[in-house]
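What the coordinates show
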Amino acid sequence: MKVIGLQLALPAAILAIAISLAGAASGWGREKAARVRVHPEGKIAYCMDCHGMGGQGYHGYLIMPRLAGQTPEYIENQLRAFAEHTRGRGLFINMARVHGLSPELRSSLAAQFRSFNPRAFGGGPRNAADTGRKIFEEGVPEANIPACAACHGPEGQGEGQNARLAGQLFPYTVNTLKNWGRDRTGDTASIMAPIARSLSQPDIVAVAAYMSNLH
Amino acid sequence: MKLIRWKIAILAIVCSALPSLAGDVGLDADVGARVRNCTWCHGTSAQGYGPGPRLAGQRVRYLENQLARFFAHARDNPLSQQYMWPATQALNPLAAHDLAIYFSLLAPQAANDGMKELVGVGASIYMDGAPENDIVSCAACHGPNGEGIGEIPRLGGLSFAYLKRRLTEWNEGFDLAAGPPMPHIASRLGPYEIDALASYLSFVQGIPNDVMP
């Protein structure tokens, strides 16, 4: 409802300065922390508690993926998939319940996340990035795997219901590709099933690493 | 003869005061002395004592981070200011690292001191949150058995009083510099939810950390 207010408050929240004190390589500073975060209001704050202050994702016990810059159609499809249990079964938390939102709220939140653009989460091994870029841009012809860029955009920015991949968390992408058939069983997921199955483990690691650093 | 007996007796008493706890895992006497500085308040077996929470089985990076935050006066809960700020003022990061590893390898024991009638509600909030009140699932970050991961602390088996105090004090404006999103998450919890979560978690007996936690 108060979407306009949120759009004004959120940049302020994201720009809030945090002084990191723990584990600095040069020893510990004696500065008193002045980290006061202005948290956004409304339902989006609930999403950000898990998916990160700017929607960049978070690596807890579970890996919560990046939502920032994601295509609204993809987010809405996933929220519907959780509600219909075609995704997220078998986890120790009730994914349908924690993602339970009305269709209107789904659209509103998805539109808000589209406009955020925090730095890519990274996390993938950098030495695999070159191989990853080749797979991303050219696919793996001998295994009949098309280029990711063909559907997901030349910069991995996503297109319609094809997800944005740029800046996605490395372990999240790896897990998603490895477990595709087990975790995602809906119609919108079926086109990826043969691709995910055909990718070798080193290919998965390489392309996930490449995409984790794409901005 | 009497004098020799006295000397032997004094020597025996002095030797018995050496840190046997540290000797169990082959630490040198210096670190052993530091361990005893902690266990005065955190319990001789590091399972917690009075207001001092259990350190046994806690995540290495969490312990290191808290020691750094006490040192920098970033974590400003009332008891932190009273006890942990002076306790860490001469502590260096290398010693903190050694202490963190030592405590993380001890097997944690559950406090089992929460309110049994709230365990069911607490379990439900812990696992799936309460989305209608914008309360997120704790388990998504802290794990299905409250074990934590990386720098996210182990909550399973901590004492009811400590968990309740920690969550309540965020709502009282303390430790707002804590790693997000905990202060905001705590702001969504009322006293009933806090009692329920603290009760449930106090009974959760997790598995000890691996060698490399």
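Here the structure is a predicted model, which means the values were calculated and not measured.

Quick notes on the overall build of chain B
Helices and strands together make up the secondary structure of chain B, namely eleven helices and zero strands. Ordered by position from N to C terminus, the α and β elements of chain B give α-α-α-α-α-α-α-α-α-α-α. Out of the 213 residues belonging to chain B, those deemed buried represent 44%. In chain B, the proportion of contacts linking residues at least 24 apart, taken out of those at least 6 apart, comes to 70%.

Some remarks on the packing of helix α9 (residues 160-171) of chain B against helix α11 (residues 191-202) of chain B
All names here are of chain B. α11 packs onto α9 with a crossing angle of 145° between their chain directions and a minimal axis gap of 8 Å. Crossing of α9 against α11: the hand is right-handed. Counting all contacts with α9, which are made through F160, L163, K164, L167 and T168, the residues of α11 involved are I194, D195, L197, A198, S199, L201 and S202.

So, helix α5 (residues 103-114) of chain A
All names here are of chain A. For α5, which comprises twelve residues, the first-to-last C-alpha distance of 17 Å matches the rise-based estimate of 16 Å (1.5 Å per residue) to within 8%. Along α5, the residues classified as buried are L109, A110, Q112 and F113. The arc enclosing the buried residues of α5, seen along the axis, measures out at 160°, which places them on a common side. Along α5, exposed side chains directed more than 90 degrees from the buried face belong to P103 and E104.

Side note on the domain arrangement of chain A
All names here are of chain A. Splitting chain A by domain gives domain 1 (3-114) and domain 2 (126-212). Contact residues are listed per partner, giving 15 residues for domain 1 and 17 residues for domain 2. Per element, the largest residue contribution to the side of domain 1 that touches domain 2 is four residues, and it comes from helix α3 (residues 72-83). Here the residues of the side of domain 1 that touches domain 2 sort into four nonpolar, eight polar and three charged.

Let's talk about the confidence of the model for chain A
Residues and elements named next belong to chain A. Averaged over all residues, the pLDDT of chain A equals 86, while 82% of them reach at least 70. Looking over chain A, one finds the lowest element-wise mean pLDDT in helix α1 (residues 3-14), namely 53, and the highest in helix α7 (residues 148-152), namely 97. Long-range and interchain partners of residues 16-26, a stretch whose pLDDT sits below 50, account for 21 contacts in this model, where long-range means more than four residues apart. Ignoring residues within four places in sequence, the model shows residues 30-35, a span with pLDDT below 50, making 14 contacts including any to other chains.

A short note on unusual backbone geometry
The bulk of non-glycine residues show a negative phi, and the bulk of peptide bonds are trans. The peptide bond linking P180(B) to P181(B) adopts the cis configuration, its omega dihedral lying at 5°. Assignment of secondary structure puts P181(B) in the loop between α9 and α10 (182-187). Despite not being glycine, N144(A) shows a phi value in the positive range, around 65°. As for its position among the elements, N144(A) is in the loop between α6 (129-138) and α7. The exposure class assigned to N144(A) is exposed, which follows from the 10 C-beta atoms found within 10 Å. For D134(B), which is not glycine, the phi dihedral falls at a positive 60°. Within the secondary structure, D134(B) sits in the loop between α7 (119-128) and α8 (139-142). Overall, the presence of 18 C-beta atoms within 10 Å leaves D134(B) in the partly exposed class.

Quick notes on the confidence of the model for chain B
Summary statistics for chain B give a mean pLDDT of 89 and a share of 87% for residues scoring 70 or more. Throughout residues 18-26 of chain B the model reports pLDDT below 50, and contacts reaching past four residues in sequence, or to other chains, amount to 13 contacts.

Comments concerning the domain arrangement of chain B
Accessible area lost on assembly of the parts is the figure often given for the size of an interface. Residue and element names in this part refer to chain B. What the domain assignment lists for chain B is domain 1 (28-104) and domain 2 (116-202). Its C-alpha centre places domain 1 at a distance of 22 Å from the equivalent point of domain 2. Across the boundary between the two partners, domain 1 contributes 13 residues, which contact 14 residues of domain 2. Residues that form the side of domain 1 that touches domain 2 fall into these classes: three nonpolar, five polar and five charged.

Some points on the environment of T39(B)
All names here are of chain B. By the secondary structure assignment, T39 is in helix α3 (residues 29-42). Owing to 19 C-beta atoms within 10 Å, T39 belongs among the partly exposed residues under this scheme. Taking the C-alpha atoms as reference points, T39 and G50, separated by eleven residues in sequence, lie 12 Å from one another. For T39, the contacting residues outside a window of four places in its chain are T44 and A46.

Quick notes on the nonpolar core
As a rule of thumb, soluble globular proteins bury nonpolar side chains together. In this structure, F103(B), A140(B), L163(B), L197(B) and L201(B) are the most contacted members of the largest nonpolar core, which totals 74 residues. Here this core takes seven residues from helix α4 (residues 60-71) of chain B, the largest share from any one element. Discounting chain neighbours no more than four positions away, the residues touching L163(B) are L155(B), L158(B), L197(B), A198(B), L201(B) and S202(B). In this structure, F136(A), A163(A), L165(A) and F170(A) belong to the second largest nonpolar core, which totals 22 residues.

Notes on the packing of α3(A) against α5(A)
Packed helices, taken two at a time, are described by the angle their axes make and the gap between the axes. All names here are of chain A. Running from N to C, α3 and α5 cross one another at 140°; their axes reach a closest spacing of 9 Å. As the angle between them shows, α3 and α5 are arranged oblique. When the axes of α3 and α5 are compared, the crossing they make is right-handed. Where α3 abuts α5, its residues P72, I75, E76 and L79 lie against R106, S107, A110, A111, F113 and R114. Its residues placed into classes, the contact of α3 with α5 shows six nonpolar, one polar and three charged.

Let's talk about α6(A)
Residue and element names in this part refer to chain A. Residues of α6 that are buried: G132, I135 and F136. Take α6 and look down its axis: the buried residues cluster within an arc of 100°, on one side only. Residues of α6 that are buried sit in contact with α7 and α11 (201-212). Once α6 ends, the next one or two residues include G139, with phi positive near 75°.

How each quantity is defined
Residues numbered from 1 in each chain as written. Chains lettered and ligands numbered in written order. Predicted model: local features only at pLDDT ≥ 70, side-chain atom pairs only at ≥ 80, totals over all residues. Helix = DSSP H or I, 4+ residues; strand = E, 2+ residues; numbered from the N terminus. Buried ≥ 20, exposed ≤ 12 C-beta atoms within 10 Å, placed from the backbone. Contact = placed C-beta atoms within 7 Å. Axes fitted to C-alpha atoms, helices over the stretch in contact; angles between N-to-C directions. Left-handed = near helix turned anticlockwise from the far one by under 90°. Expected span 1.5 Å × (residues − 1). Arc of directions from axis to C-beta. Domains from an automatic or database assignment. Nonpolar A, V, L, I, M, F, W, Y, C, P; charged D, E, K, R; others polar. pLDDT = per-residue confidence, 0-100. Core = buried A, V, L, I, M, F, W, Y, C linked by C-beta atoms within 7 Å. Parallel < 35°, antiparallel > 145°, perpendicular 65-115°, else oblique.

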